Amino acid sequence: MMPMGRPSPTAALESFVLPRIDHVDLVTVKLPFVAPFGTSVHVWTEKEAMLMRIEAGGAIAWSECVSDPDPFYAYETNATARHIIRDFLLPLVEPDITLGGLEGRFRRVRGHGMAKATVENALLILIAMQRGAALHELLGRPAQPIMSGLSIGLQDTPDALLAAVERAVRKGYHRVKMKVRKGQDVEWVRAVRSRFPELPLMVDANGDYTLADTDHLRQLDEFHLTMIEQPLSYSDIIEHASLQRALTTAICLDESIHSLADAAAAISIGACRVINVKQGRVGGLLESMRIAHHAAGLGIGVWSGGMDETGIGRAVNIHLQTAEGFSLPGDTSETCNYFAEDIVDPPVVLGDGGFIEIPGGPGIGARVVPERVLKRTIRAERLR
Ligand code: OSB
Ligand code: MG
């Protein structure tokens, strides 16, 4: 049950009326990463991002689908998202219905949160642009400095890992996450912890372990990590509750959480003490705010996860973190960790104290640079 007496964080947003839309395009861009990003499930060497461009009465809004071309992190891919958006979601977008009404229509489509988020984000950004408001203002939240966090992929050697952590610490990141996998875990964490005894440090396994690894994972407890993210299967909640009972380290769920209902279930059985909210994975900003509100009310830590987004998705994540409940630093790091040249200006940089400033201006603030999008485009299609 929702705790009584706490107003819904999304009531005002649900009543927004959708504007009339002139055009909708899907534009897929490919950007090389400055370095490969290794995880227990895949090594990504470039970002292939499907963008949505909405034009309405002279205003233009861009959103980014967080799916990859492959189904190695999540079942959704750029191709499934295109299919679901084009054939099922976009036909449900009609002028004069409310955003809450649209969410209701979208509920008939089971899953496919990344596709849903792409459409919802584009509409929210469009409404913000038309009102001359920043996205966080539209969400009803004041500007604030945003905490930073770096996610370091699997490295070839412990020395390379230590060098990457050292750079992050020097820069002033508020926390460092390192990817782990079976066999590349305890000793690698030990190396980082011995060198940086006080660093807020966490690990992300992307589901590489099973309950049979419980004793092995217990060895991580001595390193006082802030959390271990998604140790068990991407589809599991209940075994995480068993593992959480066996560990002193907090478990954070990422892949397992697709909705407020998932989050509420996980919390109620003690499957996690922290939730990584990826707005794309949970179907958009409204569901993200509901999850953060619910979790925070029960003392569960919440942060905004990243999907190696271009500057469009990165900006959305930055605005989202002004919402109630986002209490921990997320996967929000400087653009230069991913791309030599992004498709938006200005790039994300760390300011005083390692904080990130919300880019000023209407919508996401960051300005999409059409020539850079064009230069990186591998596919474009007008849907409406
Ligand atoms: O599991 O959090 C994850 C990136 C791609 C897919 C999954 C994950 C990640 C990250 C990187 O950890 C987060 C980022 O820096 O954007
Ligand atoms: Mg993760």
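Basis of the calculations
Residues numbered from 1 in each chain as written. Chains lettered and ligands numbered in written order. Predicted model: local features only at pLDDT ≥ 70, side-chain atom pairs only at ≥ 80, totals over all residues. Heavy atoms only, no water. Near = heavy atom within 4 Å. Polar contact = N/O pair within 3.5 Å; in protein donor to acceptor, adjacent residues only side chain to side chain. Areas by Shrake-Rupley, 256 points an atom, 1.4 Å probe, with all protein chains shown as cover. Nonpolar A, V, L, I, M, F, W, Y, C, P; charged D, E, K, R; others polar. Phe/Tyr/Trp six-rings, centres within 6.5 Å; stacked < 30°, edge-to-face > 60°. Helix = DSSP H or I, 4+ residues; strand = E, 2+ residues; numbered from the N terminus. Buried < 20%, exposed > 50% of the residue type's maximum accessible area, 1.4 Å probe, protein only. Lys NZ or Arg CZ within 6 Å of the ring centre and 35° of its normal. Donors = N, O, S within 2.8 Å, 3.2 Å for Na, K, Ca; no water. Core = buried A, V, L, I, M, F, W, Y, C linked by side-chain atoms within 4.5 Å. Contact = heavy atoms within 4.5 Å. Axes fitted to C-alpha atoms, helices over the stretch in contact; angles between N-to-C directions. Parallel < 35°, antiparallel > 145°, perpendicular 65-115°, else oblique. Left-handed = near helix turned anticlockwise from the far one by under 90°. Pairing = 2+ DSSP bridges. Arc of directions from axis to C-beta. Salt bridge = Lys/Arg side-chain N within 4 Å of Asp/Glu carboxyl O.

S.K.: What should I look at first to understand the site of ligand 1 in this one?
M.R.: Around ligand 1, a shell composed of 15 residues is seen, among which Ser151, Asn206, Lys278, Asp308 and Tyr338 lie nearest. Contact distances for ligand 1 include 2.7 Å between an oxygen atom and a side-chain N or O atom of asparagine 206. In this structure, lysine 278 approaches ligand 1 through a side-chain N or O atom, which is 2.9 Å from an oxygen atom. The protein chains hide 99% of the 390 Å² of surface that ligand 1 would expose on its own. Tallied by class, residues from the shell around ligand 1 come to 4 nonpolar, 3 polar and 8 charged.

S.K.: Please clarify how the packing of aromatic side chains should be interpreted in this entry.
M.R.: Tallying each qualifying case throughout the model produces 2 aromatic pairs. An angle of 25° between the planes, with centres 5.7 Å apart, marks the rings of phenylalanine 33 and phenylalanine 339 as stacked. Linking phenylalanine 33 in strand β1 (residues 23–38) with phenylalanine 339 in the loop between α12 (311–320) and β11 (344–345), this pair joins segments that are 306 residues apart in sequence. Overall, phenylalanine 33 belongs to the buried group, its relative accessible area being 11%. Judged by relative accessible area, which is 3%, phenylalanine 339 ranks as buried. On the numbers, 6.0 Å between centres and 40° between planes, the contact of tyrosine 338 with phenylalanine 339 is tilted. For the pair shown, tyrosine 338 and phenylalanine 339 are each scored as buried. Within the aromatic cluster, the residues linked to one another by ring pairs are Phe33, Tyr338 and Phe339. Over the face of the ring belonging to phenylalanine 16 we find arginine 131, whose NZ or CZ atom lies 4.3 Å from the ring centre.

S.K.: Explanation requested: the coordination of the magnesium ion (ligand 2) in the structure shown.
M.R.: Six octahedral donors at a metal ideally form angles of 90 or 180 degrees, and four tetrahedral donors ideally form angles of 109.5 degrees. Distances from the magnesium ion (ligand 2) to its protein donors, Asp204 (OD), Glu229 (OE) and Asp254 (OD), fall within 2.1 to 2.3 Å. In primary sequence terms, the donor set of the magnesium ion (ligand 2) follows D-x24-E-x24-D. On the criterion of sequence distance, the pair formed by aspartate 204 in strand β6 (residues 201–204) and aspartate 254 in the loop between β8 (251–253) and α10 (260–268) is long-range, its members being 50 residues apart. Assigned by exposure class, aspartate 204 and aspartate 254 land together as buried.

S.K.: Would you mind going over the nonpolar core with me for this structure?
M.R.: Nonpolar side chains in soluble globular proteins generally cluster together in the buried interior. Counting residues in each nonpolar core, the largest one holds 120 residues, and the members touching the most others are Val93, Leu124, Met178, Val189, Leu220 and Ile275. The biggest single contributor to this core is helix α4 (residues 113–131), with 10 residues. Beyond its immediate sequence surroundings of up to four residues, isoleucine 275 is in contact with Cys252, Leu253, Ala263, Ile267, Ile291, Ala295, Ile300, Gly301, Val302 and Trp303.

S.K.: Is there a simple way to explain the packing of helix α2 (residues 78–89) against α4 in this structure?
M.R.: Packed helices, taken two at a time, are described by the angle between their axes plus the distance between the axes. Put simply, α2 and α4 touch, their axes get as near as 8 Å, and they point 60° apart. Classified by the angle their axes make, α2 and α4 are oblique. For the crossing formed where α2 meets α4, the hand is right-handed. Where α2 approaches α4, its residues Ala81, Ile84, Ile85 and Leu89 are matched on the opposing element by Ala115, Lys116, Thr118 and Val119. Here the contact of α2 with α4 is built from residues that sort into 6 nonpolar, 1 polar and 1 charged.

S.K.: I would appreciate a short explanation of the pairing of strand β2 (residues 43–56) in the present structure.
M.R.: Along any regular strand the residues' side chains alternate between the sheet's two faces. Counted residue by residue, β2 has 10 buried out of 14 residues, so it is predominantly covered. Sheet topology note: the β1/β2 ladder contains 12 bridges and is antiparallel. Note on β2: the bridge partner recorded for glycine 38 is valine 43. If you look at the hairpin formed by β1 and β2, you'll find 4 residues sitting between the two strands. Between β2 and strand β3 (residues 59–65), which pair antiparallel one after the other, the connecting turn spans 2 residues, and glycine 57 there sits at a positive phi close to 55°.

S.K.: Got a minute to help me understand α2 in this structure?
M.R.: Given 3.6 residues per helical turn, the α-helix brings residues three or four places apart onto the same face. Turning to α2, its buried residues are Asn78, Ala81, Ile84, Ile85 and Leu89. Buried residues of α2 fall within an arc of 130° about the axis and therefore sit on the same side. Residues of α2 that are buried sit in contact with β2, β3, α3 (99–106) and α4.

S.K.: Please clarify how the environment of valine 274 should be interpreted in this entry.
M.R.: Take valine 274: it is sitting in strand β9 (residues 274–277). Excluding residues that lie within four positions of it along the chain, valine 274 makes contacts with Met227, Ala250, Ile251, Cys252, Leu253, Ile300, Gly301, Trp303 and Leu328.

S.K.: What is the right way to read the sheet that holds β9 from this model?
M.R.: Remark on secondary structure: sheet strands pair via backbone hydrogen bonds, oriented parallel or antiparallel. If you walk across this open sheet you meet the 7 strands as β4-β5-β6-β7-β8-β9-β10, and the pairing is parallel. This sheet does not close on itself; its edge strands, each paired only once, are β4 (150–152) and β10 (301–304). Across the sheet, the mean angle separating the axes of adjacent strands is 25° when strand polarity is ignored. The strands touched by helix α11 (residues 285–297) within the sheet are β9 and β10, with β9 carrying the most contacts at an inclination of about 170°.

S.K.: Before we go on, may I ask you to explain the pattern of salt bridges in this structure?
M.R.: Applying the stated criterion to the full structure yields 30 salt bridges. Among the ionic pairs, lysine 177 bridges to glutamate 229, the shortest N-O distance being 2.9 Å. On the criterion of sequence distance, the pair formed by lysine 177 in strand β5 (residues 176–179) and glutamate 229 in strand β7 (residues 227–229) is long-range, its members being 52 residues apart. A relative accessible area of 0% places glutamate 229 in the buried class. Note that glutamate 341 is salt-bridged to lysine 375, the shortest N-O span being 2.8 Å. Of the two residues, glutamate 341 sits in the loop between α12 and β11 while lysine 375 sits in helix α13 (residues 370–376), which places them 34 residues apart along the sequence.

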